[in-house]
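Take a look at the letters that make up each chain.
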Amino acid sequence: MTSDASGAQPDLRPDVLHPDVLHLDRITKRFGPLLANDAISLTLKQGEVIALLGENGAGKTTLMNILFGHYTADAGSVTAFGKPLPPGNPRAALAAGIGMVHQHFTLADNLTVTENILLGTRSLWSPGLNLGAAADRIAALSRDFGLAVNPAARVGALSVGERQRVEILKALYRDARILILDEPTAVLTPQETEALFQTLRRAVALGLSIVFISHKLHEVMGVADRCLVLRHGKLVGEVATANTDRHALAAMMVGAEIAPPALSPATPGPALIRFANVSTPDQGAVPGLKRITLDLRAGQITGLAGVSGNGQGALSDLLSGLAVPSSGEISLGSTPVTNWSPRAAIHAGIARIPEDRHKTGTIADFSLTENAILERYGEAPYSRKGWMNWRAARDFTTHVIATHDIRCPGPEARIRLLSGGNMQKLILGRVLEPGPKIILANQPVRGLDIGAITYVQKRLIAARDAGAAILLISEDLDEIIEMSDLIHVLSAGRLSPAFARGEKTPAELGLWMAGQGFDMETSRAA
Amino acid sequence: MRLEPIAAPTLARRLGFPAAALALTILVASLLALTAGANPFATLGLILEGAAGSRFAALETLNRATPLIFTGLAISVAFRAKLWNIGAEAQLYAGAIVTVLLGTGLVPWPLVLPVTALVAMLAGALVLLGPVLLKTRLGVDEVVTTLLLNFVMLLFVSYLLEGPMKDPGGMGWPKSSPLLPEARLPRIVEGLRLHWGFLLALLAAVAVWVIQTRTTLGYEIRAVGQNPRAARFAGVPVNAVLVKTALLSGGLAALAGFSEVAGLKGHLSLDLSPGFGYTGIIVAMLAMLNPLAVIPSALFVAGVFVGSDSMSRAAGVPTYIADILLATALLFMVLAILLTRVRVVRG
């Protein structure tokens, strides 16, 4: 299929024939006892952007996977451009002009942009394959849609924003008339997000229709014509964006009004841990830290903004004891640390909430009890002279379950059965119960539902008010702005100066995230 | 098709699938017997009779199960920590060599058995220490090193039996001098061919179970095996735990060698182990790495071997049927264990 040919196919000129380009009729999907989609119907019109809103687990991704043929619905049907779409067939969805940009990119790092886009359309080794013509068409598409990317570049060398553009180009190259974007802004800076929205507006102007999946309300308000809200697998609301506001949408998503946790002015105390001129080695394409100096003060939340893969991992590893700096010094109070290890960090009173609660924070097949004592299994009362005291461990776990309202079958249940929010609450209980002085919160609310997010944030603020020094790392700039007393930006391993709460706008922080603030600093210094 | 984990498997599910696996194993064995031209019912009956049909047969099965319990435990301890010890055979022979060295006059009477057992364990532990240090320090795959050490050890034993440890009164056969009577493990009941090694094996199974469920080391071993990344993050000294696991595993495998030499054979020869180290892997897997379940698992495997030997003599069906029986039993059982935990769903 080429772009020239597409004009000849009546189905792909839907503006006249089918004003409704896509229709989902009572889609129902069950996973065991879970009703992921409950008779959901939606209609997408030509040239329209609709937003699919909902908390994690509301059924957004399931619905889109059914539409795209990754799953087969138990009941219901999909109609694209007036023709029914055979279920469970991604190829048919592609052929019908539906393109999906997944949250996690599906690109081959070692191939060029052009090769990635051609991949799957035909063999890269097929005779007469004209890479040049393809590259020309890709260049034309990127011009038309404002998707700046070099067709000859290797994908491995591209930034996250560029990779997303490649994904979109991939869909456009296959003549997608309907674009589905699953949480497209989760990994972008505010500037990249704005550029993406420009692209979407152009696409709509050129007659495409877009389904935009998100949970960021202000973005949805900015880009979508209509919002559909899913909750627990049901379609609970459908409104024109013009007739609603963020609060109403949030209430619809959660089913109740939710107030974001209030942050009173901080009363910072002394620096509890200091990083002085600390560097770490680069890890392949991920930069290490470049001579950063950072103090974490008692009673203060220090937010670390930045696009992921700019050194957050390295800083998190240092604070949690997994790594030591290649140069520079870490000191606790005024004592330089020696023999730095996870155990030393725990003993120094550092509570560590890891980025990946499934792989790093918990052991999936261990019980809640075994997970709750994971950091202190070797100490009294859980262990005496090499023997475990399971009664003490169970008592502690029962206490954590009660104080943090963890929904679970009991302390002996395997933790893999818990939802992300309850899992995170157990980790929170594990690290907060001993009353830590320093807290590392690395992406503490990613992937949680709003109820759990509010809970985690309240606990962190309470710990701050009790005098803990907190380092909050997140890719979500809104979360950083909302939760931090002080903000640093990390870009390519460099740490920005500290910005007070409210000192910088999101757009200004975005410039730092993209590295521009640093260049200005350097030129001013020079 | 995909697999969906089941939160709480029902009792019917947990018993039904293993039972079906057993039935399928018997079906495969029957078909094999048929192709060998024998009556399948008679063949299976003969295997059962040969394994447990008489006091002699039952004792023979218990004797054969003894080293399998030790190697099964050695494997289950190591595999729990995801330490792939394929070298139980070498560790077994290390224990056997020590047993002969100390049991032919080096250690005096009241001490000889406990000292020999302990030093044998130490020797087996040391054989596994090399591969595990290579793994923790340099990232060398222990599957390769432990497996290859088996052949190194067999050649070393061969050298010893042809050279320094050769029995002067052995009429040229490659075997060691016999142990002194006081270095032998006594019979449990006088007149019955069952020695204290069997009780020692049962004791070892209980001890390993206690270690795994009740001690801090057991918790560490399980944590490292299930998720080394989370274990390391939480401050578990992963490498130290792997080394301790290796010492325990190697020591247990060496006890198999000690028990076979001191309890059964009375000397060391190259046919001491018909692959007990490898069969221990089957034993451990059938037991789902549970140390207490290693006992029935070893009895089952031993019964199949002993029963098939006896059946082969009576029915003329090749004894290879034992190997095929065990292999199919293992395959079906692994599948059955999987199916008790997950269900297969379409789409």
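Calculation criteria
- Residues numbered from 1 in each chain as written.
- Chains lettered and ligands numbered in written order.
- Predicted model: local features only at pLDDT ≥ 70, side-chain atom pairs only at ≥ 80, totals over all residues.
- Heavy atoms only, no water.
- Helix = DSSP H or I, 4+ residues; strand = E, 2+ residues; numbered from the N terminus.
- Rg over C-alpha atoms; globule rule 2.2 N^0.38 Å.
- Buried < 20%, exposed > 50% of the residue type's maximum accessible area, 1.4 Å probe, protein only.
- Contact = heavy atoms within 4.5 Å.
- Pairing = 2+ DSSP bridges.
- Salt bridge = Lys/Arg side-chain N within 4 Å of Asp/Glu carboxyl O.
- Polar contact = N/O pair within 3.5 Å; in protein donor to acceptor, adjacent residues only side chain to side chain.
- Nonpolar A, V, L, I, M, F, W, Y, C, P; charged D, E, K, R; others polar.
- Axes fitted to C-alpha atoms, helices over the stretch in contact; angles between N-to-C directions.
- Parallel < 35°, antiparallel > 145°, perpendicular 65-115°, else oblique.
- Left-handed = near helix turned anticlockwise from the far one by under 90°.
- Domains from an automatic or database assignment.
- Phe/Tyr/Trp six-rings, centres within 6.5 Å; stacked < 30°, edge-to-face > 60°.
- Core = buried A, V, L, I, M, F, W, Y, C linked by side-chain atoms within 4.5 Å.

Topic: the overall build of chain A
Now for step 1: Of the regular secondary structure elements, chain A holds 20 helices and 23 strands.
Now for step 2: For a compact globule of 526 residues, the expected C-alpha radius of gyration is about 24 Å, and chain A comes in at 25 Å, within 12% of that figure.
Now for step 3: Each principal axis of the C-alpha atoms in chain A carries an extent, and together these give about 75 × 60 × 50 Å.
Now for step 4: Looking at chain A as a whole, 51% of its 526 residues qualify as buried.
Now for step 5: In chain A, once contacts between residues fewer than 6 apart in sequence are set aside, the share between residues at least 24 apart is 67%.

Focus on the pairing of strand β11 (residues 271-279) of chain A
Residue and element names in this part refer to chain A.
Now for step 1: Bridging between β11 and strand β12 (residues 292-297) involves five bridges; their strand directions are antiparallel. Counterpart to A271 in the pairing with β12 is R297.
Now for step 2: With five bridges connecting them, β11 and strand β14 (residues 327-332) associate as antiparallel partners. In the strand pairing of β14, F275 is matched with I330.

Topic: the interface of chain B and chain A
Quite often, the size of an interface is put as the accessible area lost when its parts meet.
Now for step 1: At the interface, 23 residues of chain B touch 30 residues of chain A.
Now for step 2: Scanning the region where chain B abuts chain A turns up one salt bridge.
Now for step 3: Between E370 of chain A and R222 of chain B there is a salt bridge, with its nearest N and O atoms 2.6 Å apart.
Now for step 4: The tally of links from chain B across to chain A stands at 12 residue pairs in polar contact (both at pLDDT 80 or more).
Now for step 5: Going through the elements one at a time, β1 (2-5), α7 (196-214), α8 (216-226) and α9 (228-233) of chain B are the ones with two or more residues in the side of chain B that touches chain A.
Now for step 6: Ranked by residue count, the leading element in the side of chain B that touches chain A is α8 of chain B, at six residues.
Now for step 7: Looking at side-chain class alone, the side of chain B that touches chain A contains 10 nonpolar, six polar and seven charged residues.

Some details on the pattern of salt bridges
All names here are of chain A.
Now for step 1: For the coordinates displayed, the defined rule picks out 29 salt bridges over all chains.
Now for step 2: Across the pair K29 and D74 runs a salt bridge, and its minimum N-O distance is 4.0 Å. With K29 in strand β1 (residues 20-31) and D74 in the loop between α3 (60-67) and β4 (75-80), this residue pair connects regions lying 45 residues apart in the sequence.
Now for step 3: Residue E183 pairs with K60 through a salt bridge whose shortest N-O separation is 3.5 Å. Taken together, the positions of E183 in the loop between β7 (178-182) and α8 (190-205) and K60 in helix α3 put the pair 123 residues apart, joining distant regions of the chain.
Now for step 4: Note on E183: relative accessible area 9%, which makes it buried.
Now for step 5: One salt-bridge network, in which partners are shared between bridges, spans E48, R226 and E238.

Considering the sheet that holds strand β2 (residues 34-45) of chain A
Residue and element names in this part refer to chain A.
Now for step 1: Pairing in this open sheet of four strands is antiparallel, and the strands run β2-β1-β4-β5 from one edge to the other. The two strands at the open ends of the sheet, each matched to only one other strand, are β2 and β5 (83-84).
Now for step 2: Note that β4 and β5 share two bridges and pair antiparallel. Residue T79 lies in a different strand from β5, and its bridge partner there is P84.
Now for step 3: Against the sheet, α3 makes contact with β1, β2 and β4, and its axis sits at roughly 115° relative to β1, the strand it touches most.

Structural notes on the packing of helix α2 (residues 40-52) of chain B against helix α12 (residues 294-315) of chain B
Between two packed helices, what matters for the description is the angle formed by their axes and the separation of those axes.
All names here are of chain B.
Now for step 1: Axis separation between α2 and α12 bottoms out at 7 Å; the angle between their running directions is 120°. One finds that α2 runs oblique with respect to α12. Two packed elements cross with a definite hand, and for α2 against α12 that hand is right-handed. Residues T43, L46, I47, G50 and A51 of α2 lie in contact with α12, whose contacting residues are G303, V306, G307, S308, S310, M311, A314 and A315.
Now for step 2: Residues of the contact of α2 with α12, tallied by class, amount to seven nonpolar, six polar and no charged.

A few points about the domain arrangement of chain A
Now for step 1: You can read the domains of chain A as domain 1 (3-254), domain 2 (264-349 + 435-526) and domain 3 (361-434).
Now for step 2: Centre-to-centre, using C-alpha coordinates, domain 1 of chain A lies 41 Å away from domain 3 of chain A.

Considering the environment of S269 of chain B
All names here are of chain B.
Now for step 1: Secondary-structure assignment places S269 in the loop between α10 (238-265) and α11 (276-286).
Now for step 2: On the basis of relative accessibility, which here comes to 7%, the residue S269 falls in the buried class.
Now for step 3: Those residues in contact with S269 that sit more than four places away from it in its chain are Y93, L161, P174 and K175.
Now for step 4: At 2.5 Å, the side chain of S269 and the side chain of D271 are in polar contact.

What about the packing of aromatic side chains?
All names here are of chain A.
Now for step 1: Going through the model one piece at a time under the given rule, you end up with nine aromatic pairs over all chains.
Now for step 2: On the basis of an interplanar angle of 65° and a centroid distance of 5.8 Å, the ring pair of F197 and F212 is categorised as edge-to-face. Of the two residues, F197 is situated in helix α8 and F212 in strand β8 (residues 209-214); the sequence distance between them amounts to 15 residues.
Now for step 3: Assessed through its relative accessible area of 5%, F197 is described here as buried.
Now for step 4: Residue classification places F212 among the buried residues on the basis of a relative accessible area of 0%.

Observations concerning the side chain of N422 of chain A
All names here are of chain A.
Now for step 1: Here N422 is to be found in helix α16 (residues 420-432).
Now for step 2: When its relative accessible area of 11% is taken as the criterion, N422 is described as buried.
Now for step 3: A distance of 3.0 Å separates a polar atom in the side chain of N422 from the backbone nitrogen of R407.
Now for step 4: Beyond its immediate stretch of four places on either side in the chain, N422 contacts D405, I406 and R407.

Let's talk about the nonpolar core
Now for step 1: One finds I373 of chain A together with L268 of chain B to be the most contacted residues of the largest nonpolar core, which totals 119 residues.
Now for step 2: With 13 residues, the top contributor of residues to this core is α10 of chain B.
Now for step 3: Those residues in contact with I373 of chain A, other than ones at most four positions away along the chain, are Y382, M388, W390, A393 and F396 of chain A together with Y219 of chain B.
Now for step 4: By size, the runner-up hydrophobic cluster in this structure holds 44 residues, among which are V49, I168, L179 and V229 of chain A.

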